[in-house]
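Examination of the molecular architecture
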Amino acid sequence: MSMMKITRREVLLAGGLAAAGATMPRSAEAVAGQMETAIRNAIGTPTIRKGRVMLDLPPLVENGNTVPMTVSVDSPMTKDNYVKAIHVFNEKNPQPNVISVRLGARSGKATITTRVRLADTQKITAIAEMSDGTFWSDTQEVIVTLAACLEDLQP
């Protein structure tokens, strides 16, 4: 029986390639449809109209680790007409559902402000669920020069 001889250099090269592959971000093909699936899981398949929602993000960010984001919804916030929920989704992060916030008529103002991490240049979508059962949205594209969120989720 003959044994295959492997050199130390080949072992180190294989280990280095494996480590480099593990740290590379997922390709766009790997995450295609991820945002649409997350939206379906969160709200189902209703008709989503453009308007009434204003998603405020900087168009260009240097560092994707902390991106300021504000979502405002045009609503009187009365007991008969209010925002029930605001959902924010992204295209390329490992977790496509950024945040979901439940609101009520007593919330006063339909506005949320936070900071998010972005893995790459991508589209962000905010969807507002209204008390009358309608859904409204806004989408913005953010160009990220230094990416964040490059880790894969463990099964």
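Residues numbered from 1 in each chain as written. Predicted model: local features only at pLDDT ≥ 70, side-chain atom pairs only at ≥ 80, totals over all residues. Heavy atoms only, no water.

1. Considerations on the overall build of the chain
The condition that has to hold: Each helix is a run of DSSP H or I of at least 4 residues and each strand a run of E of at least 2, with the numbering of both proceeding from the N terminus. We call a residue buried when its accessible area falls under 20% of the maximum for its residue type, exposed when it is over 50%, and partly exposed in between, using a 1.4 Å probe and counting protein chains only. We call two residues in contact whenever any of their non-hydrogen atoms come within 4.5 Å of each other. Only the protein chains shown count as covering a residue, and every accessible area follows the Shrake-Rupley method with a 1.4 Å probe.
When helices and strands are counted, the chain shows three helices and nine strands. In sequence order, the chain lays out its α and β elements as α-α-α-β-β-β-β-β-β-β-β-β. Taking all 155 residues of the chain together, 33% fall into the buried category. When contacts within the chain are restricted to residue pairs at least 6 apart in sequence, those whose partners lie at least 24 apart make up 65%. Counting every atom, the chain has about 9900 Å² of accessible surface; 55% of that belongs to carbon and sulfur.

2. Focus: the pattern of salt bridges
We count it as follows: The term salt bridge refers to a pairing of a side-chain nitrogen on Lys or Arg with a carboxyl oxygen on Asp or Glu at a separation within 4 Å.
A complete count under the given rule lists two salt bridges for this structure. When the shortest N-O distance is used, the salt bridge between Lys84 and Glu129 registers 3.8 Å. Highlighted residues: Lys84 in strand S5 (residues 83–90) and Glu129 in strand S8 (residues 122–130), separated in sequence by 45 residues. On the accessibility criterion, Glu129 (15% relative accessible area) is buried. A salt bridge links Glu129 to Arg102; the shortest N-O distance between them is 3.7 Å. Of the two residues, Glu129 sits in strand S8 while Arg102 sits in strand S6 (residues 97–102), which places them 27 residues apart along the sequence. Using a relative accessible area of 60% as the deciding quantity, one classes Arg102 as exposed. Through salt bridges with shared partners, one network takes in Lys84, Arg102 and Glu129.

3. A closer look at the sheet that holds strand S7 (residues 111–116)
Quick note on the threshold: Criterion used throughout: strands pair if DSSP finds at least two bridges between them. A fitted line through C-alpha atoms represents every axis, and for helices the fit uses only the stretch in contact; the resulting angles, taken between N-to-C directions, go from 0 to 180 degrees.
Sheet architecture is open: three strands sit in the order S2-S4-S7, paired in antiparallel fashion. Each edge of the open sheet carries a strand with a single partner, namely strand S2 (53–56) and S7. For this sheet, the mean angle separating the axes of adjacent strands, direction not counted, is 15 degrees. Note: S2 against strand S4 (residues 67–73), four bridges, orientation antiparallel. Along S4, the bridge assignment pairs Leu55 with Val71.

4. Topic: the confidence of the model for the chain
Put simply, the test is: Per residue, pLDDT captures the predictor's confidence, and it can take any value from 0 to 100.
Across the chain, the average pLDDT comes to 84, with 77% of residues at 70 or higher. Between the elements of the chain, mean pLDDT differs from a low of 48, seen in helix H2 (residues 28–31), to a high of 97, seen in S2.

5. Points about the environment of Pro68
By the element assignment, Pro68 lies in strand S4. Pro68 sits 49 residues away from Arg117 along the chain, and the two C-alpha atoms are 9.1 Å apart.

6. Let's talk about the nonpolar core
Which entries qualify depends on this criterion: Put simply, a nonpolar core is a bunch of buried Ala, Val, Leu, Ile, Met, Phe, Trp, Tyr and Cys residues held in one set by side-chain atoms that sit within 4.5 Å of each other.
Residues Val71, Val73, Val83 and Ile86 are the most contacted members of the largest nonpolar core, which totals 24 residues. The set of elements that each furnish at least two residues to this core consists of S2, S4, S5, S7, S8 and strand S9 (135–146). Apart from residues lying up to four places away in sequence, Val71 is in contact with Val53, Met54, Leu55, Ile86, Val88, Ala110, Thr111, Ile112 and Ala126. Formed by seven residues, the second largest nonpolar core is a distinct cluster that contains Met35, Ile39, Ile127 and Phe135.

7. Considering unusual backbone geometry
With a phi close to 65 degrees, Arg52 is a non-glycine residue in the positive phi region. Tracing the chain through its elements places Arg52 in the loop between strand S1 (48–50) and S2. The phi dihedral of Met77 is positive, around 55 degrees, even though this residue is not glycine. Secondary-structure assignment places Met77 in the loop between S4 and S5.

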